[in-house]
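Coordinate inspection notes
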Amino acid sequence: PVRDAMNAAELRAARIRLGLSQRKLALAFGVPQQTVSRWECGLIAIQHPLIIALALKELERRSAP
C-alpha cells in the first residue's frame, strides 16, 4: 500500500534499494539532482509525495526479476 506522505529517510531508502544515484532518480522524476538531495536532507518538503511514492513503486516493479 502507498501512503499519502513520504519522508526524507523513506525516499533515500527507496532510492538506495533501487540502486539509483540521486542523479539517476532526479532524471527519472524530471527534477534537478539538487532537488532530490534537498528532499533527502529534509531541507525542502517533497512535492507531490503521493506521486513520488507511486513512481518509486513503479520503478521497483520494473526492476524486479
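Numbers given to residues run from 1 along each chain, matching the order in which its sequence is written. Per-residue local features of the predicted model are confined to residues with pLDDT of at least 70, and side-chain atom pairs are confined, for both listing and counting, to 80 or more; whole-chain, interface and lining totals are unaffected and use all residues. The basis for every side-chain value is the complete set of heavy atoms in the structure, and neither hydrogens nor water enter the calculation.

Thoughts on the packing of helix α2 (residues 22–29) against helix α3 (residues 33–41)
Just so we agree on the cut-off: A fitted line through C-alpha atoms serves as each axis, taken over the contacting stretch for helices, and the angle formed by two N-to-C directions is quoted from 0 to 180°. Secondary structure follows DSSP: runs of H or I at least 4 residues long count as helices, runs of E at least 2 residues long count as strands, and numbering of each begins at the N terminus. Every angle not falling under 35 degrees, over 145, or within 65 to 115 is termed oblique; those three ranges are roughly parallel, roughly antiparallel and roughly perpendicular. In what follows, residue pairs with any heavy atoms lying within 4.5 Å of each other are defined as contacts. Throughout, the ten residues Ala, Val, Leu, Ile, Met, Phe, Trp, Tyr, Cys and Pro are labelled nonpolar, Asp, Glu, Lys and Arg are labelled charged, and all others, Gly among them, are labelled polar.
Contact geometry of α2 with α3 gives a least axis separation of 8 Å together with a crossing angle of 110 degrees. Classified by the angle between their axes, α2 and α3 sit roughly perpendicular to one another. Contacts between α2 and α3 involve Q22, R23, L25, A26 and F29 on the former and, on the latter, Q33, V36, S37, W39 and E40. Classifying every residue of the contact of α2 with α3 by side-chain character gives five nonpolar, three polar and two charged.

Points about α3
Let me state the cut-off plainly: Residue burial is assigned from relative accessible area. The probe radius is 1.4 Å, only protein chains are included, and a residue is buried under 20% of its type maximum, exposed over 50%, and partly exposed in between. Taking the helix axis as origin, the arc is that swept by the directions to the C-beta atoms.
Along α3, the residues that are buried comprise T35, V36, W39 and E40. Down the axis of α3, the sector holding all buried residues measures 135 degrees, keeping them to one side. Contacts made by the buried residues of α3 are with α1 (8–17), α2 and α4 (49–63). Just downstream of α3 lies G42, where phi reads positive at about 75 degrees.

A short note on α4
Which entries qualify depends on this criterion: Expected helix span is given by 1.5 Å per residue-to-residue step, counting one fewer step than there are residues.
The terminal C-alpha atoms of α4, which comprises 15 residues, lie 21 Å apart, in line with the 21 Å expected from a rise of 1.5 Å per residue. If you check which residues of α4 are buried, you get I52, A53 and L56. Projected down its long axis, α4 carries its buried residues within an arc of 100 degrees, all on one side. In α4, the exposed positions that point more than 90 degrees away from the buried face belong to I51, R61 and R62.

From the geometry alone we can't say anything about function, so treat these as descriptive.
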